[in-house]
Amino acid sequence: MVLEIRDLHQRYGDVEIISIEHFQVSGGIYWIHGENGAGKSTVFRTLAGMLPCTGSVVIDGKYDLKKHPVDYRLRLNLGEAEPLYPSFLTPRDLIDFIAGAKKAPEGQAAHLIGKLGINYLNNTFGSCSSGMVKKVSLAVAFLGNPKIIILDEPLITIDRQARENLFDLIREYRAAGVTFLLSSHQPFQQEGLQVNESFALSNKTLVPML
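Presented here is a report on the structure given in the accompanying data block. Quick caveat: nothing in here was measured; it's all calculated off a predicted structure.

### Looking at the overall build of the protein
Working step 1: Helix and strand content of the protein: six helices and ten strands.
Working step 2: Here the protein has a C-alpha radius of gyration of 17 Å; the compact-globule value for 210 residues is 17 Å, and the two agree.
Working step 3: Across its three principal directions, the C-alpha atoms of the protein cover 45 × 35 × 35 Å.
Working step 4: In the protein, which comprises 210 residues, the proportion classed as buried is 50%.
Working step 5: By sequence separation, contacts in the protein at least 24 residues apart represent 70% of the contacts at least 6 residues apart.
Working step 6: Carbon and sulfur atoms make up 51% of the accessible area of the protein, which amounts to about 10,100 Å² in all.
Working step 7: Computed over 21 positive and 22 negative side-chain charges, the inter-centroid distance for the protein is 3 Å.

### A closer look at the pattern of salt bridges
Working step 1: One pass over the full model with this rule turns up six salt bridges.
Working step 2: Note that Asp168 is salt-bridged to Arg171, the shortest N-O span being 3.4 Å. Highlighted residues: Asp168 and Arg171, both in helix α6 (residues 160-175), separated by three residues, approximately one helical turn.
Working step 3: For Arg171, a relative accessible area of 37% puts it in the partly exposed group.
Working step 4: Here the salt bridges do not stand alone but share partners, grouping Lys115, Asp168 and Arg171 into one network.

### Observations regarding the sheet that holds strand β6 (residues 76-79)
Working step 1: Spatially, β6-β7-β8-β3-β9-β10 is the arrangement adopted by the six strands of the open sheet, whose pairing is mixed. Looking along the sheet, the strands with just one partner apiece sit at the ends: β6 and β10 (205-208). Geometrically, the sheet is characterised by an average inter-axis angle of 20° between neighbouring strands, direction not taken into account.
Working step 2: Contacts between helix α5 (residues 130-141) and the sheet are confined to β6 and β7 (148-152), with β6 contributing the most and set at about 175° to the helix.

### Some thoughts on the packing of aromatic side chains
Centre distance and the angle of the planes are the two values used to describe a pair of aromatic rings.
Working step 1: Enumeration over the complete set of coordinates arrives at five aromatic pairs.
Working step 2: Taken together, a centroid distance of 4.9 Å and an interplanar angle of 80° make the contact between Phe23 and Phe199 edge-to-face. Of this pair, Phe23 sits in strand β2 (residues 15-25) while Phe199 sits in strand β9 (residues 197-202), and the two are 176 residues apart along the sequence.
Working step 3: A residue is classified by how much of its surface remains accessible, and Phe23, at 5% relative accessible area, is buried.

### Regarding the sheet that holds strand β1 (residues 3-12)
Working step 1: One open sheet holds the four strands; their spatial order is β2-β1-β4-β5, and the pairing between them is antiparallel. The open sheet is flanked by β2 and β5 (63-64), the only strands paired with a single partner.
Working step 2: Helix-sheet contacts for helix α1 (residues 40-47) involve β1, β2 and β4 (54-59), and the interaxial angle to β1 is about 115°.

### Here's the deal with helix α3 (residues 91-101)
Working step 1: For α3, the set of buried residues is Pro91, Leu94, Ile95 and Ala99. When α3 is viewed along its axis, its buried side chains cluster within an angular range of 125° and face the same direction. Exposed side chains of α3 directed beyond 90 degrees from the buried face belong to Phe97 and Gly100.
Working step 2: On its buried face, α3 sits against α4 (108-116) and α5.
Working step 3: Just downstream of α3, Lys103 is the residue with a positive phi angle, here 55°.

### A closer look at the pairing of β2
Working step 1: Relative to β2, β1 runs antiparallel, the two being bridged by nine bridges. From the neighbouring strand, His9 faces β2, where its bridge partner is Ser19.
Working step 2: Counted between consecutive antiparallel strands, the loop separating β1 from β2 contains two residues, among which Gly13 sits at a positive phi close to 65°.

Rules of the game
- Numbering of residues begins from 1 in every chain and follows the order in which that chain's sequence is written.
- Only residues with pLDDT of at least 70 are given local features in this predicted model, and only at 80 or more are side-chain atom pairs given and counted; all residues enter the totals for whole chains, interfaces and linings.
- Values shown for side chains rest on all heavy atoms present in the structure; no hydrogens or waters enter the calculation.
- Numbering goes from the N terminus for both helices and strands, where a helix is a DSSP run of H or I of at least four residues and a strand is a run of E of at least two.
- Only C-alpha atoms enter the radius of gyration; for comparison, a globular chain is expected to reach 2.2 Å times N to the power 0.38, where N is the number of residues.
- Burial classes: relative accessible area under 20% of the type maximum marks a residue as buried, over 50% as exposed, and values in between as partly exposed (1.4 Å probe, protein chains only).
- Whether two residues are in contact is decided by their heavy atoms, any of which lying within 4.5 Å being enough.
- Reported accessibility uses the Shrake-Rupley method at a 1.4 Å probe radius. Residues are deemed covered only where the shown protein chains occlude them.
- Lys and Arg are tallied as positive, Asp and Glu as negative. Neither His nor the chain termini are counted.
- By convention, charge coordinates are those of NZ in Lys, CZ in Arg, CG in Asp, or CD in Glu.
- A side-chain nitrogen of Lys or Arg and a carboxyl oxygen of Asp or Glu constitute a salt bridge if their distance falls within 4 Å.
- Strands are labelled as partners when DSSP assigns at least two bridges between them.
- For helices, the fitted line uses only the C-alpha atoms of the stretch in contact; every axis is such a line through C-alpha atoms, and the angle between N-to-C directions lies from 0 to 180 degrees.
- Only centres within 6.5 Å qualify two rings of Phe, Tyr or Trp (six-membered ring in Trp) as a pair; their planes then separate them into stacked at under 30 degrees, edge-to-face at over 60, and tilted for everything else.
- Note that the arc is defined by the directions from the helix axis to the C-beta atoms.

From the geometry alone we can't say anything about function, so treat these as descriptive.
Rendered as structure tokens:
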């Protein structure tokens, strides 16, 4: 299994938000459905190690989120739905930093910058539109050598050309063995991207869509 979750529980104070007894996926592209407020972003941020949880999350049967935090994080990237970056930073600052932290191969950052049309590298984020910020967040989600890329609402605020280029990147990385977990209110099939299976986040857990 590429990703396996067991007894995952996430709470805000005394309120349980997520309760996933067992969930696993092999290689592929998976679409995660859920109403607004269902907890998709919370699940994704928890899997990325950004929120505390109990339970076990393991990549490739050996990289455990808690036991091997560095190795795990090198293998899982997250592109958030509504990214927020310090207003004084530039896209170049962020991309260079993440590329170093993720041990990105030489030339990878330049490829992603060109593919997503990020021609405002030296602007501060404070002067960028939401669509411009979103494209940077998508670029950094592909940096390094991830085994899993999670993209939370990747289609919001980006234009048609950026969508096509994003799907090209997803296909390129999938061909290289990367697994994707994607959320969107828009069916990816209508956008020309085929998914292997769909899951719904319902009653705090993930269940297959029929």
